[in-house]
Structure formats: C-alpha cells, structure tokens
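# Secondary and tertiary structure notes
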Protein chains: 2
Amino acid sequence: MTAPFLEECLSVLTRTPATLDTLLRDLPEAWTAATEGPGTWSPYVVVGHLNHGERADWMPRLAIILEHGRSRPFDPFDREAQFRESDGKSLPTLLDEFTSLRRDNLARLRALNLQPAQLELKGTHPDLGPVTVRQLLATWTAHDLAHILQVSRVMAKRYKREVGPWAEYLSVMK
Amino acid sequence: MTAPFLEECLSVLTRTPATLDTLLRDLPEAWTAATEGPGTWSPYVVVGHLNHGERADWMPRLAIILEHGRSRPFDPFDREAQFRESDGKSLPTLLDEFTSLRRDNLARLRALNLQPAQLELKGTHPDLGPVTVRQLLATWTAHDLAHILQVSRVMAKRYKREVGPWAEYLSVMK
C-alpha cells in the first residue's frame, strides 16, 4: 500500500514522457527548435533538461535523503547540462531516453514502497536548506508540468504575429 | 500540394487531442477538476471548451470566409458553452469527442486543399474586424497550445504549497 500522496504524484510522473512524445515527436523543427529569444530554451532543450533531471536530480536526491538524512547536502544541479549531454542527439532519441529513464526511475521509486512517515524525512538542499521527501516528490511532479507549460508557451508564441488581431484574446501572446 | 503554412498548423492541430488524452485520461479527479480559484477553468472545463470550438468556431468561421468573404461577420463565440454542453459527460467522453470532432474537422480542412492565395482571403470578426484565413488557422493552432499551457499551469499550481521552498525556483508558482 503506497501513500496516497505518492500515488497522486505518480499519476502525473508516469504520463509526462508520453505527453511530450505525443506533442513533439516528428514535429517540424520550426516548432521544436523555436525559442522565446536569445538564452531561452527550445522544446528540444527542455527534453534534454528533463533527461538530466532523471539522471542527476530527483532519484539521486531521494537516495541521499534516505541514506544520509540532513547530514549530506544534495549535489548542486547543473541547469546547463543538456547543452553538453544532448549534443549530436536527435529529438526522437532524447524522447526515447526520457521514456526509458523515467520508467526505470519510477520502478525504483515504487520498489522503495515509501510509507507516509518516510515522506516527512528531511534532506538538505544546497541553497534552499531543509526539504522533505514529500516536497521533493511534489517538486518533481510540478517541474514536469512547468516544462509542459514552457514547451506549449514557446510554441504558441511563435505565432504571435501570425494570429494578427486575435493576439488580444490570447494572454500567452502578451 | 498544400500550402506549407497550413501543413505547419496541421502538424500541431493533429496532435492536440492525443496530447490532452495522454496527459489527462484516467488521471485522479483531484487533478482534472482543479482550478486556479473561483471562476477559473479546470482541465475538464478546458476540454469541453475545445469541443465547442470544434463545433462552433474554427471550421464554421472558415466556411463563412470562403462563402461570404467580409460581407457576413462570424457568429459570436460562446465562451461559456461548455458548462451547458459538457453537463453529465465524463472527461473520457469529452476526450473521445474532441478526438472525433478534430479528426473530422481536419479531414474537411485537408479536403478544401487551400492554396496560398486563399490564405489571404478576409472575413469579418464581430469584435476584431477584418481577419484572414491564415490568421484564423494560426489562431486555431496557438489556441490549442494556449490551452495545453493552461491545463499544465492549473495542475502545477495545485502543488504551490506542496513544493515548499522549491516554489522559489518554479516561476509557475509566482
């Protein structure tokens, strides 16, 4: 019996790779390479960032809390790692990686069979200080959704001029 | 040979039903009924709104432009219609409807075999004035993306308190 909160997070976390795959795979590069301007991320960059999170952020940090509690701070997360790790990879390859990495991570998470009391265990974020397992899982979930939001925003804004007078009705264009 | 701009719109328009289906079907109601507060829309309400758009907005307006040009303004669009039309329907039913309505509309759009010159034909929006076929198609596309954005934003914000100190790093929570 898994904690209900964990099940709620899992219901979103399991869906994200397929959601992004459905939205992005085989889409013309005009969409997947679009950005909001210099220094901002394209859908392609976002998928690489999510992959780095699967490798270096969520499950490794959960493992640190379960093993060391507050005594060992998390390793800092590299927000630029995808520019190195995605190099030379196609978007379909990155989407396949995301599906596979996420599947493995969620299998490991389920295998931990976390109990409600364990959700309150604390770790140490290098910048934010004390955080709980529950907050880590909630952030993993919200982070997925925030990047689905980002991808759809970047794509919508590509048509800021194309929509003409309708821009007035589309708050994303403002 | 379809206009390249139309193909670019179609690449997004064809994917939206499956994207929302993947994100939302069988998700706990805590997610799909969540809102951003009184008077704001849940993911469930958004899907109903998209269905009304398939019935009353995009293709009917395109037909009006092709048949009447600027002489006949579009019928006004009812932004609240889904509260009536979705009544008693489950989210899976609404998602099935969206898939079916969109498939039919895009089949009809492709069958029109619009040529580049036709994209510049003008109609009359009841509030915004003159708009082109190209702007209508761009808006249909951006409107899909804006509602994927909205659904993911509504869901992410459900965890505003759950993420604890991480809220600082998630601009969607601000």
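These remarks concern the structure in this document. (Residues numbered from 1 in each chain as written. Chains lettered and ligands numbered in written order. Predicted model: local features only at pLDDT ≥ 70, side-chain atom pairs only at ≥ 80, totals over all residues. Heavy atoms only, no water.)

## With respect to the overall build of chain A
The criterion, for reference: A helix here means a DSSP run of H or I that spans at least four residues, while a strand means a run of E at least two residues long, and both kinds are numbered starting from the N terminus. Exposure is judged per residue with a 1.4 Å probe applied to protein chains only, and the accessible area is read against the type maximum: over 50% gives exposed, under 20% gives buried, and values in between give partly exposed. Any pair of residues with heavy atoms lying within 4.5 Å of one another is described as a contacting pair. For accessible areas, the Shrake-Rupley method is used with a probe of radius 1.4 Å. Any residue's cover is judged against the shown protein chains and nothing else. For the purpose of charge, His is not counted, nor are the chain termini; Lys and Arg are scored as positive and Asp and Glu as negative. The atom standing in for a charge is NZ when the residue is Lys, CZ when it is Arg, CG when it is Asp and CD when it is Glu.
From N to C terminus, chain A includes nine helices and two strands. In sequence order, the secondary structure elements of chain A are arranged as α-α-α-α-α-α-α-α-β-β-α. When the 174 residues of chain A are sorted by exposure, 53% land in the buried category. Of the contacts made within chain A by residues no fewer than 6 positions apart, 73% connect residues no fewer than 24 positions apart. Counting only carbon and sulfur atoms, one obtains 52% of the accessible surface of chain A, whose full area is about 7,500 Å². Across chain A, the mean location of the 21 positive side-chain charges is 4 Å away from that of the 22 negative side-chain charges.

## Thoughts on the relation of the copies chain A and chain B
Put simply, the rule is: Copy-to-copy superposition: least squares on the C-alpha atoms, limited to residues that have pLDDT of at least 70 in both copies.
For the pair chain A and chain B, the superposition axis carries a translation of 0.0 Å, the fit reaches an RMSD of 0.0 Å, and the rotation angle comes to 180°. Expressed as an axis order, the relation between the two copies is that of a two-fold axis. Every residue of chain A has its C-alpha some distance from the rotation axis, and the shortest such distance is that of Leu 149 of chain A, at 2.2 Å. When the interface residues of chain A are mapped onto chain B, 100% of them again fall at the interface, so both copies present the same face.

## Points about the environment of Thr 139 of chain B
Structurally, Thr 139 of chain B is set in helix H9 (residues 133-157). When its relative accessible area of 2% is taken as the criterion, Thr 139 of chain B is described as buried. Sequence separation between Thr 139 of chain B and Ala 3 of chain B is 136 residues; the distance between their C-alpha atoms is 17 Å. Thr 139 of chain B has contacts with Val 163, Trp 166 and Leu 170 of chain A together with Trp 58 of chain B, leaving out every residue within four places of it along the chain.

## Topic: the side chain of His 125 of chain B
This is how the line gets drawn: Definition of a polar contact: a pair of N or O atoms within 3.5 Å, with one able to donate and the other able to accept a hydrogen when the atoms are protein atoms, and with sequence-neighbouring residues admitted only if both atoms are side-chain atoms.
Along the chain, His 125 of chain B falls in strand S1 (residues 122-125). Within the structure, His 125 of chain B has its side chain in polar contact with the backbone nitrogen of Asp 127 of chain B (distance 3.0 Å). Side-chain polar atoms of His 125 of chain B contact the backbone nitrogen of Leu 128 of chain B, separated by 3.0 Å. Apart from residues lying up to four places away in sequence, His 125 of chain B is in contact with Trp 166 and Tyr 169 of chain A together with Arg 61, Phe 74 and Val 131 of chain B.

## Section: the packing of aromatic side chains
We count it as follows: Side-chain rings of Phe, Tyr and Trp, where Trp is taken by its six-membered ring, are said to pair if the distance between their centres is within 6.5 Å; with planes under 30 degrees apart they count as stacked, over 60 as edge-to-face, and otherwise as tilted. Charge-over-ring placement is defined geometrically: NZ (Lys) or CZ (Arg) within 6 Å of the ring centre, and within 35 degrees of the ring normal.
In the structure shown here, the tally under the stated rule is seven aromatic pairs over all chains. Geometrically, the ring pair formed by Trp 58 of chain A and Trp 140 of chain A is stacked, given 6.1 Å between the ring centres and 5° between the ring planes. Note that Trp 58 of chain A is positioned in helix H5 (residues 58-68) and Trp 140 of chain A in helix H9 (residues 133-157), a separation of 82 residues in sequence. Clustering of aromatic rings is evident, with ring pairs tying together Phe 5 of chain A together with Trp 31 and Tyr 159 of chain B. A cation sits over an aromatic face here: Arg 134 of chain A above Phe 5 of chain A, 4.0 Å from the ring centre.

## Section: the interface of chain A and chain B
The test is simple: Buried area is a sum: the accessible area each of two parts loses on coming together, probed at 1.4 Å, counted once for each and added. The term salt bridge refers to a side-chain nitrogen of Lys or Arg lying within 4 Å of a carboxyl oxygen of Asp or Glu.
At the interface, 53 residues of chain A touch 53 residues of chain B. Taken together, both faces of the contact between chain A and chain B bury some 4,400 Å²; the carbon and sulfur share is 69%. At the junction of chain A with chain B, the criterion picks out four salt bridges. For Arg 158 of chain A, the salt bridge goes to Glu 8 of chain B, with nearest N and O atoms at 3.2 Å. Linking chain A with chain B are 16 residue pairs in polar contact (both at pLDDT 80 or more), by the criterion used here. Secondary-structure elements contributing two or more residues to the side of chain A that touches chain B are helix H1 (4-13), helix H2 (16-24), helix H3 (29-32), strand S2 (129-132) and H9 of chain A.

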